[in-house]
Amino acid sequence: MSRLVQSEPVARFEQVGLRYRSGPEILRDVTLTLPAGSFHFLLGPCGAGKTSLLRVLYLALRPSRGRFSLFGQDVAAAPRAELVPLRRRIGIVFQDFRLLPQLSVQDNIALPLRLGGRDEEAIRSDVAPMLLRTGLTGLAHAFPPELSGGQQQLAAIARALIVRPRLLIADEPTASVDEPLALRLIHLFQELNRLGTTVLIATHNERLASGFNHPRLRMEAGRIVQEGTVPVDSPPNVRPPVGSSTSVQEALP
Amino acid sequence: MKPSLAAVLSDRDGWFVAGLIGVLVFLAVIAMSAVLLVGSIAERWQDELASRILIQLSTASDDAPGAAGADGVSPETALQVQQALELLRAQPEVARAERLSQDRLAVLLQEWVGSQQALQSMPLPAVIEVELRPDARKRATELRERLRTALLHARIDAQIDVRIDGGPATQAPALRLMQGIEVLAILVVVVLAATLATSVVFATRTGLSRHQDAVEILHLLGADEAGIVDALTFGALRTALIGGIAGLVIGWLTLLAFGRLAAGAPYKMTSHCP
């Protein structure tokens, strides 16, 4: 098993601050580097600024101050059009799933591919294994309002993984699922990580994070207060659960 | 089936907006047709009024009891009528000049006088209907004066009374009414157009705010701005087209139905006003 850790960092925050309009600073002097191929947990209590940091990272917000570069490009002042190709290299699992209710599960999963201009045949051949991998094959034609929270979470994760992103950002991806499924999801992210994707998972579930040998970033009051206690290339100490027979490599395009 | 970006951003309330546009376009079609119809009627009426002149001839002998002959006027008036007809027919601008029969005159006057009995008890003047040539219609007012002068000059009997009727001045109130209706209908069309534009703008803004979340997700998943704008524009255009075409077709069918109904109705513009 080889890990792909490249020299160029995927993301770099330097003294980044963020405030919403004239409100107080949500992020304060955040300095952080996410090396390519790394896997980090982002921990912290509610309101610590985890989601805001992720929103800057997945280019929903621009920092109010400081420097922020993604895939080697300074995006703090980049034109909007230049952000589009960068976004296509990111997989996002939103805390509230954010599936489009008017699209079926398979169309939601296929959406990033369609936005990227993939042809329909390729999309079909990519979506089917992903549905299988996430256990959603039987729900392919269902619509998000018909799904449970856990099923929506799985669909959201499948949508994030389908593009085989270079950076995967997951905001509380295990909040709506039970413990065994949570473990399966983390293993899914680990498999993706082994294929070279940089992963950042925000969670308040410290027990879950502590079961894996991945660096943990801790946030409090908008600051990173603890960074990287475990080496990036350490093997995980939790084995994949029995039953996850389809590998991510098989499921991904 | 592949959902397009426009389908992703389609509005569930699009049918309501399309219906609203359809109703407004339908009303605009009806109002616009009314404008054209009233304008056409007014123009035809004006044209017809300008093309026809009624000349009323009477002499003092008509008032004498028992003076009326078989044709309803005194022999003296009948002679004057004949001379007037000859004079009128000699004018290059006159296409036709005929004396209205007393029966026809009675029919025209009956609705004003009220009863046949009252008509029988009163002397009726001799009335000549003159139709001008098309190229002379623009000079109708001037021509009326010239005919009046010619008739008066031709008269030997100075007691003749010549009245020329049917000119624009006589029908001015009716024409003004028609023009007023036309202006009103144009105002209705303008108001409808403004309402339509406002409704579309309002509906589009509402749709945009409703789609804000979807647009943000699409952005974050890598959609380009132009694609999203195109999808939203296409959606709005499609809604407007569906509503507009539906309103147009229903309006057209309505007008067609009215046209069919009107085709059977007796309608003839006339200036035979007393």
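Peer 1: In this structure, what is going on with the overall build of chain B? I would like to understand it.
Peer 2: Counting secondary structure elements, chain B contains nine helices and four strands. Put simply, chain B runs from its N terminus to its C terminus through helices and strands in the order α-α-β-α-β-α-α-β-α-β-α-α-α. Counting every position in chain B, which comprises 274 residues, the buried fraction comes to 39%. A separation threshold of at least 6 residues defines the contact pool for chain B, and within that pool the share at least 24 residues apart is 79%. Per element, the accessible surface of chain B, about 15,800 Å² overall, is 65% carbon and sulfur.

Peer 1: Looking at this structure, how should I read the confidence of the model for chain B?
Peer 2: Keep in mind that low pLDDT regions are not for reading the predicted coordinates in detail. All names here are of chain B. For chain B, the mean per-residue pLDDT works out to 76, and 78% of the residues sit at or above 70. Within chain B, no element has a lower average pLDDT than strand 4 (residues 161-165), which sits at 57, and none a higher one than helix 8 (residues 212-220), at 89. Under a pLDDT of 50 for its full length, residues 267-274 has, in the predicted model, 24 contacts with residues more than four places off or in other chains.

Peer 1: Quick question: what am I supposed to make of the pattern of salt bridges here?
Peer 2: Where charged atoms from two side chains of opposite charge approach closely, those side chains can pair. In total, this model carries 18 salt bridges over all chains according to the counting rule given. For the salt bridge of A:E120 with A:R114, the shortest nitrogen-to-oxygen distance reads 2.9 Å. Of the charged contacts, one joins B:R89 and B:E98 as a salt bridge, the two residues approaching to 3.5 Å between their closest N and O atoms. The exposure class of B:R89 is partly exposed, given its relative accessible area of 43%. A network of salt bridges, in which partner residues are shared, links A:E25, A:D29, A:R65 and A:R223.

Peer 1: Teacher, can you tell me more about the nonpolar core here?
Peer 2: Side chains of a nonpolar character, in soluble globular proteins, are inclined to be buried together. All names here are of chain A. Within the largest apolar cluster, 41 residues are counted, with the highest numbers of intra-cluster contacts made by I109 and F189. Among the secondary structure elements, those contributing two or more residues to this core are strand 3 (39-43), helix 3 (105-115), helix 4 (120-133), helix 5 (149-161), strand 7 (167-171), helix 6 (179-194), strand 8 (198-202) and helix 7 (206-210). In this structure, I109 is in contact with V127, M130, L131, L136, A155, A158, R159 and I162, ignoring residues within four places of it in sequence. Listed in part, the 37 residues of the second largest apolar core include V16, L70, A78 and L167.

Peer 1: Quick question: what am I supposed to make of the interface of chain A and chain B here?
Peer 2: Where interface size is quoted, it is often the accessible area lost as the parts come together. With 21 residues of chain A at the contact, the number on the chain B side is 19 residues. Together chain A and chain B conceal approximately 1,800 Å² of surface at their shared face, both sides included; 63% is due to carbon and sulfur atoms. Per-residue buried area on chain A facing chain B is highest for A:R87, A:R98 and A:L115; these three make up 30% of the total on that side. Between chain A and chain B we count five salt bridges in total. Between A:R80 and B:E225 there is a salt bridge; the shortest N-O distance is 2.7 Å. Where chain A touches chain B, the interface holds four residue pairs in polar contact (both at pLDDT 80 or more). When contributions to the side of chain A that touches chain B are tallied by element, the ones reaching two or more residues are helix 2 (80-87) and helix 3 of chain A.

Peer 1: In this structure, what is going on with the packing of aromatic side chains? I would like to understand it.
Peer 2: Any two aromatic rings considered together are summarised by their centre-to-centre distance and by the angle between their planes. All names here are of chain A. Applying the stated criterion across every chain, the model contains four aromatic pairs over all chains. Both rings, one in Y58 and one in F94, keep their centres 5.5 Å apart while their planes meet at 85°; by these two values the pair is edge-to-face. Remark: F94 occurs in the loop between strand 6 (90-93) and helix 3 and Y58 occurs in the loop between helix 1 (50-57) and strand 4 (65-70); sequence separation between them is 36 residues. Taken together, the ring pairs connect F39, F41 and F212 into an aromatic cluster. Lying over the aromatic face of F71, R89 brings its terminal NZ or CZ to 4.4 Å of the ring centre. One Lys or Arg, R98, reaches over the ring of F94 and ends 5.2 Å from the middle of that ring.

Peer 1: For this particular structure, what's the right way to read a nonpolar patch on the surface?
Peer 2: Together, B:L237, B:L241, B:I245, B:V249, B:W252, B:L253 and B:L256 make up a nonpolar patch on the protein surface, roughly 680 Å² of accessible area in all. Inspection of the secondary structure puts B:L256 in helix 9 (residues 225-263).

Peer 1: Would you take a moment to explain the side chain of A:E172 for this structure?
Peer 2: Structurally, the position occupied by A:E172 is in the loop between strand 7 and helix 6. Once you skip the residues sitting within four places of it in the chain, A:E172 turns out to touch A:K50, A:Q95, A:Q153, A:A202, A:T203 and A:H204.

Peer 1: Hey, could you run me through the pairing of strand 3 of chain A in this one?
Peer 2: On any regular strand, side chains alternate: one points to one face of the sheet, the next to the other face. All names here are of chain A. Of all five residues in strand 3, five are buried; the element is thus mostly enclosed. Side chains F39, F41 and L43 project from strand 3 onto one buried face, and the interleaved H40 and L42 project onto a second face that is buried too. As defined by bridge partners, strand 3 adjoins strand 8 across four bridges and the pair is classed as parallel. Residue H40 lies in a different strand from strand 8, and its bridge partner there is L200.

Peer 1: What is the right way to read helix 8 of chain B from this model?
Peer 2: An α-helical turn contains 3.6 residues, so a residue and the one three or four places further along point in the same direction. Considered for burial, the residues of helix 8 of chain B that qualify are B:A214, B:V215, B:I217, B:L218, B:H219 and B:L220. Positioned one or two residues after helix 8 of chain B, B:G222 has a phi angle of 110°, which is positive.

Peer 1: What is the right way to look at the packing of helix 3 of chain A against helix 5 of chain A in this model?
Peer 2: Residue and element names in this part refer to chain A. The geometry of helix 3 relative to helix 5 is characterised by a closest axis approach of 7 Å and an angle of 30° between their N-to-C directions. The angle between the axes of helix 3 and helix 5 places the two elements in the roughly parallel class. Along this stretch, helix 3 crosses helix 5, giving a crossing that reads as right-handed. Taking contact as the criterion, the partners of V105, N108, I109 and P112 in helix 3 are, on helix 5, A155, A158 and R159.

Peer 1: Please clarify how the side chain of A:N108 should be interpreted in this entry.
Peer 2: All names here are of chain A. Looking at the secondary structure, you find N108 in helix 3. Given a relative accessible area of 0%, N108 falls into the buried group. Ignoring sequence-local partners within four residues, the contact set of N108 consists of L99, L100, L103, P144 and R159.

Peer 1: What am I meant to see in the sheet that holds strand 10 (residues 223-226) of chain A here?
Peer 2: Note: strands within a sheet are paired through backbone hydrogen bonds, in either parallel or antiparallel orientation. Residue and element names in this part refer to chain A. Sheet architecture is open: six strands sit in the order 6-7-8-3-9-10, paired in mixed fashion. The sheet is open, and its two edges are formed by strand 6 and strand 10, each paired on a single side. Sheet twist, expressed as the mean angle between neighbouring strand axes with direction ignored, is 25°. Bridging between strand 7 and strand 8 involves five bridges; their strand directions are parallel. What sits directly across from A170, in strand 8, is I201.

Reading guide: rules and limits
Residues numbered from 1 in each chain as written. Chains lettered and ligands numbered in written order. Predicted model: local features only at pLDDT ≥ 70, side-chain atom pairs only at ≥ 80, totals over all residues. Heavy atoms only, no water. Helix = DSSP H or I, 4+ residues; strand = E, 2+ residues; numbered from the N terminus. Buried < 20%, exposed > 50% of the residue type's maximum accessible area, 1.4 Å probe, protein only. Contact = heavy atoms within 4.5 Å. Areas by Shrake-Rupley, 256 points an atom, 1.4 Å probe, with all protein chains shown as cover. pLDDT = per-residue confidence, 0-100. Salt bridge = Lys/Arg side-chain N within 4 Å of Asp/Glu carboxyl O. Core = buried A, V, L, I, M, F, W, Y, C linked by side-chain atoms within 4.5 Å. Buried area = accessible area lost by both parts, 1.4 Å probe. Polar contact = N/O pair within 3.5 Å; in protein donor to acceptor, adjacent residues only side chain to side chain. Phe/Tyr/Trp six-rings, centres within 6.5 Å; stacked < 30°, edge-to-face > 60°. Lys NZ or Arg CZ within 6 Å of the ring centre and 35° of its normal. Patch = residues over 30% accessible without salt bridge, like charges linked within 9 Å, V, L, I, M, F, W, Y side chains within 5 Å. Pairing = 2+ DSSP bridges. Axes fitted to C-alpha atoms, helices over the stretch in contact; angles between N-to-C directions. Parallel < 35°, antiparallel > 145°, perpendicular 65-115°, else oblique. Left-handed = near helix turned anticlockwise from the far one by under 90°.

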